[in-house]
Amino acid sequence: MSTLSDPVSLSSPRGTDAGLTPKELAAKYHLSVSGRRPTLPEYVRQLWARRAFITAFATARLVAQYTTAKLGQLWQVLTPLLNCAVFYLVFGMILRSRDSVPIYIAWLCVGVFVFQFSQSAIQAGTRSISDNLGLIRALHFPRAALPVAFTVIQLQQLLISMVVLVGIVLANGVTPGPTWLLIIPALLLQCFFNTGLALVMARVGAKTSDISQLMPFLLRTWMYVSGVMYSVSPYIQSWPKIYQTLYSWNPATIYMDLMRYAFMPDSFNPHIYPGGTDAAGHAMPKALILPDHIWMMAVTWAVVAFVLGFVFFWKAEEEYGRG
Amino acid sequence: MADTALSDVKEAVPVDAQQAKVPTVVVDDVHIVYKVHGAGSGKGSATSALSRIITRKKSPAIREVHAVRGVSFTAYKGEAVGLIGSNGSGKSTMLAAIAGLLPTERGAIYTHGQPSLLGVNAALMNDLTGERNVVLGCLAMGMSPAQVRERYQGIVDFSGINEKGDFISLPMRTYSSGMGARLRFSIAAAKAHDVLLIDEALATGDQAFQNRSKKRIEELRKEAGTVFLVSHDNNSIRETCERTIWIEHGELVMDGHTEEVVRMYEKGERP
């Protein structure tokens, strides 16, 4: 071995490259800086190429989630149903919301299932990066696949519980009509909205683990002000117009109202539910009001949340997994 | 010491007529400083956290470690490069930085394609079965579902997980550390990599598996990739790599033919 006397020569460029500095050498052979994030179009392309991973990951997680529970996947339906039962007891019977809202049980269940969809997507998104550091450090893939996959899990769960929801709605005397077709676009818009929020929370949660302690309180506040289990509109009628308009932009209310309208259009009809009191002086259910431009607001929220969330997440792509 | 090694590089540039080699990893005067959370006196109490927020001071529990100090080298296509050095010398940090998992404080690392890092601790999805891990791992690396179906059996056979019964259908958390490491390597090695970084990941495998993985590393090199291997087993470095880099205290001590570098390292002599 004649080269033994000159060990460093293994590193230096040879032949026509001799004498190039490391930087020039890297530039000549088009090497890229390690760990730099791809451009936005390139990132979208990479993520699209991983769509099989996203669906397979979501399915595997969904199945694994309840393996230790005896009732298994039954909990996917039982949890929101138990929630509905608690809310019905407190808000429906004790606080008498069922007197003022038409078809209260169906109204409540649609609201709870729809809100749960957003709530759990946000919670899962917050933990999606910090709980999967092993995977992130072991394999290279666009990290946005994780928050997106966790939103897909929530969508799968919602679709399963939809079967129960349809049963509840039918049991309350609602007959399926053409408005049921609106369920699909409403769900789709909410999906994009949730994905955007999950992406934002994934980046925040990856940086600040304290946020997961705070999330339950923020989400609970959001739930109570959104009127999931009671109708908010009588309480805000005396507010100045500007606040009422701001209130009507609450995305949770928008997506719940859309779904309630799709399932039970009659409850928004003042001819069927005129309100007032009956002969004995009891309050009668009053028809709900679907805000003007509600579809426009739903689309705006979906697009804004999804685009901003995606860009916000991508901006820190190279930092996920760094410890 | 790094400075002298650097100046050596400049002086020793051979002006021979050998063919130019194609570089895959260029490490240019890299410094890595990382922040360790939760170090120090363990002042995690509520009052100290509050006073920190009020005074806007940095948490005393964050300490900076200067792990790599001015390392430079270039690796080329078809090379297998060993990294040696005592515990805590900065070898693993170096690999993590090449993989892009750690930012460089100064200097830059240029790579061809996206390097893949195989670490000993890198868990995949522990609550899922080995089978699911293979499928998801391959999909995450960008394979199509058809490619995964095609290579699935090859990966399981290579890992040898099923040699003693049907272990692939058990959750990965039930695997021994050796079995986990074997499956992870098998998944990662199923794809051709431009740059593969192996951090002690083979040490826990048994003899038969080590032989198989050596063969696979050889193949990856022939497919014009570059393989980095961190190991405390000097024999496996000798058998796998023809070039070795010796790092100590985050500085490059020696970079040359494996035989010579390992001999000096074993003697504890610095050049």
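Within each chain, residue numbers correspond to sequence positions counted from 1 in written order. Here chains are named by letter from A upward and ligands by number from 1 upward, in the order in which they appear as written. Note on the predicted model: pLDDT of at least 70 is required for a residue's local features to be given, and 80 or more for side-chain atom pairs to be given and counted; whole-chain, interface and lining totals, by contrast, use all residues. Side-chain figures throughout are based on the complete set of non-hydrogen atoms in the structure, without hydrogens or water.

> How would you sum up the overall build of chain A? Please name residues and give values.
Here a helix means four or more residues in a row that DSSP labels H or I, a strand means two or more in a row labelled E, and each is numbered from the N terminus. Secondary structure assignment for chain A yields 13 helices and one strand. Scanning chain A from its N terminus toward the C terminus, one meets helices and strands in the order α-β-α-α-α-α-α-α-α-α-α-α-α-α. We compute the radius of gyration over the C-alpha atoms and compare it with the globule rule, which gives 2.2 Å times the number of residues raised to the power 0.38. A compact globule built from 323 residues should have a C-alpha radius of gyration of about 20 Å, whereas chain A, at 26 Å, is more than 25% larger. Viewed in the frame of its principal axes, chain A has a C-alpha envelope of about 110 × 50 × 40 Å. Sorting the 323 residues of chain A into buried and exposed places 47% on the buried side. Accessibility here uses a 1.4 Å probe with only protein chains present; expressed as a share of the type maximum, an area under 20% marks a residue as buried, one over 50% as exposed, and anything in between as partly exposed.

> Outline the overall build of chain B, supporting the account with residue identities and numerical values.
A tally of helices and strands in chain B yields nine helices and nine strands. Buried residues in chain B amount to 54% of all 271 residues. Partitioning the intrachain contacts of chain B with sequence separation of at least 6 by distance along the chain shows that 71% fall at a separation of at least 24. For every accessible area listed, the method is Shrake-Rupley and the probe measures 1.4 Å; residues are considered covered only by the protein chains on display. For chain B, the accessible area works out to roughly 12400 Å², and carbon and sulfur atoms hold 52% of it. Two residues qualify as a contact provided that any one of their heavy atoms is within 4.5 Å of a heavy atom in the partner residue.

> I'd love a proper account of the packing of aromatic side chains, names of residues and values included.
What counts as a ring pair is set by centres within 6.5 Å for rings of Phe, Tyr and Trp (its six-membered ring), and what kind of pair is set by the plane angle: stacked under 30 degrees, edge-to-face over 60, tilted for all other angles. For the coordinates displayed, the defined rule picks out 24 aromatic pairs over all chains. Summarising the aromatic geometry, the rings of A:Y104 and A:W107 are spaced 5.9 Å apart at their centres and angled 25 degrees between planes, so their arrangement reads as stacked. Of this pair, A:Y104 and A:W107 both sit in helix 5 (residues 104-128), three residues apart, which is roughly one turn of that helix. A:W107 carries the same exposure label as A:Y104, and that label is buried. Seen from their ring centres, B:F185 and B:F209 are 6.0 Å apart, and the 90 degrees between their planes marks the pair as edge-to-face. Of this pair, B:F185 sits in helix 6 (residues 177-189) while B:F209 sits in helix 7 (residues 207-222); the two residues are 24 residues apart in sequence, bridging distant segments of the chain. Judged by its relative accessible area of 0%, B:F185 is buried. Three or more aromatic residues link up through ring pairs in this structure, and these residues are A:F87, A:F91, A:Y224, A:Y230 and A:Y235. Charges are assigned to positions over rings by a cutoff of 6 Å between ring centre and Lys NZ or Arg CZ, combined with an angular limit of 35 degrees from the ring normal. Against the face of A:F312 rests A:R203, its NZ or CZ located 4.3 Å from the ring centre. Directly above the ring of B:F158 sits B:R212, whose terminal nitrogen or CZ lies 5.8 Å from the centroid.

> Which residues make up the UniProt feature "transmembrane region" (unreviewed entry) in chain A, and what are the values?
UniProt positions are given in the numbering used here, feature names are shortened, and annotations may be inferred rather than shown by experiment. Using the residue numbers shown here, the UniProt feature "transmembrane region" (unreviewed entry) corresponds to residues 74-95, 101-124, 145-170, 182-205, 217-236 and 294-314 of chain A. The distance from the first to the last C-alpha atom of residues 145-170 of chain A is 37 Å, and the span holds 100% helix and 0% strand.

> Kindly report on the UniProt feature "domain: ABC transmembrane type-2" (unreviewed entry) in chain A, identifying the contributing residues and their values.
Under the UniProt annotation, "domain: ABC transmembrane type-2" (unreviewed entry) lies at residues 71-316 of chain A. Annotated as residues 71-316 of chain A, this span is 67% helix and 0% strand, and its ends, taken at the C-alpha atoms, are 40 Å apart.

> Pulling in residues and values, what's your account of the nonpolar core?
Core analysis: the largest hydrophobic core is formed by 59 residues, its most contacted members being A:V110, A:M162, A:V169, A:M229, A:M259, A:F263 and A:M264. Of all the secondary-structure elements, those providing two or more residues to this core are helix 4 (75-94), helix 5, helix 7 (145-171), helix 8 (183-207), helix 9 (211-225), helix 12 (251-263) and helix 13 (294-314) of chain A. Of the residues forming this core, the biggest block, 12 residues, is contributed by helix 5 of chain A. Among the buried residues, those of types Ala, Val, Leu, Ile, Met, Phe, Trp, Tyr and Cys that are joined through side-chain atoms within 4.5 Å form a nonpolar core. Grouped together as the second largest cluster of nonpolar side chains are 53 residues, A:A138, A:A202, B:L124 and B:Y175 included.

> Before we move on, can you summarise the pairing of strand 8 (residues 243-248) of chain B with the specific residues and values?
Residues and elements named next belong to chain B. For strand 8, a buried count of six out of six residues is recorded, marking the element as mostly surrounded by other parts of the structure. For two strands to be treated as a pair, DSSP must find at least two bridges joining them. Taken together, the four bridges between strand 3 (residues 80-84) and strand 8 define a ladder with parallel strand orientation. Each residue of the ladder has a partner; that of L83, found in strand 8, is I245. Where strand 8 meets strand 9 (residues 251-257), six bridges bridge the pair, whose relative direction is antiparallel. Opposite I247, over in strand 9, you have L252 as the bridge partner. Linking strand 8 back to strand 9 in an antiparallel pair, the connection comprises two residues, with H249 at a positive phi of about 50 degrees.

> With reference to specific residues and values, describe the sheet that holds strand 4 (residues 106-111) of chain B.
With respect to topology, four strands assemble into an open sheet ordered 1(A)-4(B)-1(B)-2(B), the strand pairing being antiparallel. Edge positions in the open sheet fall to strand 1 (32-33) of chain A together with strand 2 (63-76) of chain B, since each of these has one partner strand only. Sheet topology note: the strand 1 (residues 23-36) of chain B/strand 2 of chain B ladder contains 11 bridges and is antiparallel. Across the sheet, residue B:V27 finds its bridge partner in strand 2 of chain B, namely B:F73. Axes here mean lines fitted to C-alpha atoms, for a helix over just the part in contact, with angles spanning 0 to 180 degrees between N-to-C directions. Where helix 3 (residues 91-98) of chain B meets the sheet, its contacts fall on strand 1, strand 2 and strand 4 of chain B, and the angle it forms with strand 1 of chain B comes to roughly 115 degrees.

> An account of the interface of chain A and chain B is requested, with residue identities and associated values reported.
Across the contact, 45 residues belong to chain A and 53 residues belong to chain B. Carbon and sulfur atoms supply 63% of the area buried between chain A and chain B, which totals about 4600 Å² over both sides. Only one rule defines a salt bridge in this text: a Lys or Arg side-chain nitrogen within 4 Å of an Asp or Glu carboxyl oxygen. Counting the contacts that link chain A with chain B gives one salt bridge. Where the side of chain A that touches chain B is concerned, the elements lending two or more residues are helix 1 (22-28), strand 1, helix 3 (51-65) and helix 6 (133-138) of chain A. Element by element, the count of residues in the side of chain A that touches chain B is highest for helix 3 of chain A, at seven residues. Two parts lose some accessible area (1.4 Å probe) when they are put together, and adding that loss for both gives the buried area.

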